[in-house]
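# Geometric and topological summary
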Amino acid sequence: MAKKKQEMEFRYYEIPQSEPLLALTGQKWIQCYGKGIKKLHFHNLMEIGFCHFGSGELIIDDDKWRFEGDMFSIIPKNLPHTTNSDENVFGFWEYLFVDADSVIQNCYHDDPLFTKEFIDQVNRKGFFMHTDENPEVTKIIQSIFKEMEEKREFYVDSVEGLLKTLMIQIFRMNSSDVHGVKTVSSKGAMIAQALDYISKRYMEELKVGLLAEVCHISETHFRRVFRESMNMSVVEYINLVRIQAACELLKKTNGSMEDIAQTVGFETTSTFNRNFKKIVGISPYQWKIHPDNYEGKLLNCKISALKGW
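Notes on the structure in this doc start here. Everything numeric in this text was worked out from a predicted model, so none of it was measured.

Per the counting criterion, the structure on display carries 12 salt bridges. Across the salt bridge formed by Asp 86 and Arg 66, the nearest N and O atoms sit 2.7 Å from each other. Of this pair, Asp 86 sits in the loop between strand S9 (81-85) and strand S10 (91-98) while Arg 66 is found in strand S7 (residues 63-67), placing the two residues 20 residues apart along the sequence. For Arg 66, a relative accessible area of 49% gives the class partly exposed. Taking the shortest distance from any N to any O, the salt bridge between Lys 77 and Asp 101 comes out at 2.5 Å. Here Lys 77, found in the loop between strand S8 (71-75) and S9, pairs with Asp 101, found in helix H1 (residues 100-107); they are 24 residues apart in sequence, far enough to count as distant. When sorted by exposure, Lys 77 lands in the same class as Asp 101, which is buried. In this structure, a network of salt bridges that share partners links the residues Lys 77, Asp 101, Asp 196 and Lys 200.

Let's shift gears to the packing of aromatic side chains. The full count for this structure, using the stated rule, is 16 aromatic pairs. Measuring from centroid to centroid gives 5.2 Å for Tyr 108 and Phe 114, while their planes differ by 80°, and the two rings are edge-to-face. Taking the centre distance of 5.7 Å and the plane angle of 55° together, the rings of Phe 222 and Phe 226 count as tilted. Taken together, the residues Phe 222 and Phe 226, both in helix H7 (residues 219-230) and 4 residues apart, mark about one turn of the helix.

The next thing to look at is the packing of H1 against helix H4 (residues 155-175). Packing of H1 against H4 leaves a shortest axis separation of 10 Å and a crossing angle of 100°. In terms of orientation, H1 lies roughly perpendicular with respect to H4. Each of Ala 100, Val 103, Ile 104 and Cys 107 in H1 lies in contact with H4, whose residues at this interface are Leu 163, Lys 164 and Met 167. Its residues assigned to classes, the contact of H1 with H4 shows 6 nonpolar, no polar and 1 charged.

With their axes 10 Å apart at the nearest point, H1 and helix H2 (residues 112-122) run at an angle of 150° to one another. Taken together, the axes of H1 and H2 lie roughly antiparallel to each other. When you trace H1 past H2, the crossing you get is right-handed. Here H1 contributes Ala 100, Asp 101, Ile 104 and Gln 105 to the contact with H2, which in turn contributes Thr 115, Phe 118, Ile 119 and Val 122. For the contact of H1 with H2, a count of residues per class yields 5 nonpolar, 2 polar and 1 charged.

Looking now at unusual backbone geometry. Phi at Lys 151 takes a positive value of approximately 50°, unusual for a residue other than glycine. Position of Lys 151 among the secondary structure elements: in the loop between helix H3 (135-150) and H4. One non-glycine residue, His 216, lies in the positive phi region at around 60°. As for its position among the elements, His 216 is in the loop between helix H6 (208-214) and H7.

Taking burial as the measure, the 5 residues of strand S6 (residues 56-60) include 4 buried ones, the bulk of the element. Bridging between S6 and S7 involves 5 bridges; their strand directions are antiparallel. In the strand pairing of S7, Ile 59 is matched with Lys 64. Taken together, the 5 bridges between S6 and S9 define a ladder with antiparallel strand orientation. Across the sheet, residue Glu 57 finds its bridge partner in S9, namely Asn 84.

Each value, and the rule that gives it
- Residues numbered from 1 in each chain as written.
- Predicted model: local features only at pLDDT ≥ 70, side-chain atom pairs only at ≥ 80, totals over all residues.
- Heavy atoms only, no water.
- Salt bridge = Lys/Arg side-chain N within 4 Å of Asp/Glu carboxyl O.
- Helix = DSSP H or I, 4+ residues; strand = E, 2+ residues; numbered from the N terminus.
- Buried < 20%, exposed > 50% of the residue type's maximum accessible area, 1.4 Å probe, protein only.
- Phe/Tyr/Trp six-rings, centres within 6.5 Å; stacked < 30°, edge-to-face > 60°.
- Axes fitted to C-alpha atoms, helices over the stretch in contact; angles between N-to-C directions.
- Parallel < 35°, antiparallel > 145°, perpendicular 65-115°, else oblique.
- Contact = heavy atoms within 4.5 Å.
- Nonpolar A, V, L, I, M, F, W, Y, C, P; charged D, E, K, R; others polar.
- Left-handed = near helix turned anticlockwise from the far one by under 90°.
- Pairing = 2+ DSSP bridges.

Listed below in structure tokens is the structure:
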């Protein structure tokens, strides 16, 4: 009998307006992590986690690592992972969610080719290490947390500078094998470029053949690998991303359903309505009236499955 595939969540995070990143900090993050959660998840942003205390397991794709206090993780977008505390053990993690691609693009916008190479390198793999294994990166991360907590004058400019320095350090770590540091390359790397392409151009007409070309593999092979990695077809995933974008527009604008449907890439309003209800569970109009439903419905969608842990 074939082994049942693992369910997975796509957790979409939005950086607050006028902020350089999303920081999840404070005493409320002292908790037993992973209790009752059996799914891996991945994000649309790079996740930087800092463990102050606690013990347990950090799972990244098929790999498991023991965590304890004074450790940090750097997990690129689209890389499946989760954190599970030891039984009855409280941990304290704080998190930064960063749009690494935008940080790099803003720094090197005059050289598109170099920018693409830089972004690919930064997103190539994840890192997990003790603070004393890389004091330089540790200091940068701690400085970002401090700036985001205190929010003193010019904190945005300070964080933007620190993020640029951090991206350079991640680039360097990805360019060489760091002895003793745990690195993880996602099994989904083969389709990662397609996921990135979809995230930026979901509003356009997307052909599966084009996405296969982006990943430098045949269309047949791409379809198979995508379904094996994501537990859904390419079209289903594109629709999921479009509905996420529609939720944001419904929350922030007063546009008509017709305008929103076209803006996120649906040719007809009926197709938009059908896919919205299929994914979220209610109609777009019902969701607009009760937007809090989004967090509980969309983020818990079963969207991918890997073969075991």
